[in-house]
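Fold and contact review
Below are the chains, spelled out letter by letter.
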Amino acid sequence: MIRQLSVFVENTTGSIYQVTSALNEAGINIRAISSFDTPDFGILRLVVDDTARAKEYLTSRGFVVRIHEVIGVELEDRPGSLNALLHTMAENEISINYIYSFIIRNGKAPVMVFSTDGYEKALEALKKESIHIISDDEL
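Reading guide: rules and limits
Residues numbered from 1 in each chain as written. Predicted model: local features only at pLDDT ≥ 70, side-chain atom pairs only at ≥ 80, totals over all residues. Heavy atoms only, no water. Helix = DSSP H or I, 4+ residues; strand = E, 2+ residues; numbered from the N terminus. Rg over C-alpha atoms; globule rule 2.2 N^0.38 Å. Buried < 20%, exposed > 50% of the residue type's maximum accessible area, 1.4 Å probe, protein only. Contact = heavy atoms within 4.5 Å. Areas by Shrake-Rupley, 256 points an atom, 1.4 Å probe, with all protein chains shown as cover. Lys, Arg positive; Asp, Glu negative; His and termini not counted. Charge placed at Lys NZ, Arg CZ, Asp CG, Glu CD. Core = buried A, V, L, I, M, F, W, Y, C linked by side-chain atoms within 4.5 Å. Axes fitted to C-alpha atoms, helices over the stretch in contact; angles between N-to-C directions. Parallel < 35°, antiparallel > 145°, perpendicular 65-115°, else oblique. Left-handed = near helix turned anticlockwise from the far one by under 90°.

So, about the overall build of the protein. Helices and strands together make up the secondary structure of the protein, namely 4 helices and 7 strands. Computed over the C-alpha atoms, the radius of gyration of the protein is 16 Å, within 12% of the 14 Å expected from 2.2 N^0.38 for a compact globule of 139 residues. When the backbone C-alpha atoms are referred to their principal axes, the protein occupies close to 45 × 35 × 25 Å. In the protein, buried positions account for 42% of the 139 residues. Considering only contacts within the protein whose residues lie at least 6 apart along the sequence, 67% involve residues at least 24 apart. A total of about 8,000 Å² of accessible surface is found on the protein, and carbon and sulfur atoms cover 48% of it. Distance from the positive charge centre (13 side chains) to the negative charge centre (20 side chains) of the protein: 3 Å.

The structure is reproduced here in structure tokens:
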């Protein structure tokens with residue numbers, strides 16, 4: 001399990017910069033970042049080195065922040081590894097709400113992060129297929 005921050009930001013120039021600046025002020029290391037937008041606002045999803053402290057700091061600066069549990073799995077850096085993961089999810093009828101990846105892990109394999117409403121079912125399916133599930137501690 002990985003704990004991820006979701007930060008709601010206005011869809012305006014500099015809004016992402018304001019979030020990253022605040023995290024920089026707090027000494028928080030950003031490990032992964034992804035942005036999803038609509039015409040009026042965006043959701044900035046981040047994996048950081050201290051989720052609770054990041055949420056507290058951002059909230060104190062007026063940001064609306066939520067912490068969500070997401071699943072992170074280690075994938076081999078080879079053609080077809082993402083497809084195999086998605087096949088496992090489809091075969092077990094597990095829908096994915098969103099997905100993103102990051103690779104900065106000191107020489108370790110890339111991590112694919114995804115959200116699903118079928119959290120427990122997804123964990124069971126991944127374990128059955130011997131897909132390595134990443135925890136916050138392994139980041």
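There's more to say after this.
A few words on the side chain of Ser-115. Residue placement: Ser-115 occurs in strand β6 (residues 111–115). Leaving out residues up to four positions away in the same chain, Ser-115 has contacts with Val-70, Ser-95, Ile-96, Asn-97 and Tyr-98.

Core analysis: the biggest nonpolar cluster contains 16 residues, and Leu-5, Val-7, Val-19, Leu-23, Leu-46 and Leu-58 have the highest contact counts within it. Of all the elements in the fold, those that place two or more residues in this core are β1 (2–10), α1 (15–25), β3 (41–48) and α2 (51–60). With residues near it in sequence (within four places) discarded, Leu-46 still touches Gln-4, Leu-5, Val-7, Val-19, Leu-23, Ile-30, Ala-32 and Ile-33. Core analysis: the next-biggest nonpolar cluster, separate from the first, contains 15 residues, Leu-75, Ile-94, Met-112 and Ala-122 among them.

In most cases, non-glycine residues show a negative phi, while peptide bonds are predominantly trans. Positive phi is not limited to glycine here, since Glu-93 has a value of about 55°. Here Glu-93 lies in the loop between α3 (81–91) and β5 (98–102). Looking at Glu-93, the relative accessible area reads 69%, which means it is exposed. Not every positive phi belongs to a glycine, and Ser-130 is a case in point at roughly 60°. On the secondary structure map, Ser-130 appears in the loop between α4 (119–128) and β7 (133–134). By relative accessible area, Ser-130 is classed as exposed at 65%.

This part is about the packing of α3 against α4. Where α3 contacts α4, the two axes come as close as 10 Å, and the packing angle between them is 125°. When the interaxial angle is binned, α3 and α4 end up oblique. Where α3 crosses over α4, the two elements pack in a sense that is right-handed. Here Leu-85, Thr-88 and Met-89 of α3 come into contact with α4, specifically with Ala-122, Ala-125 and Leu-126.

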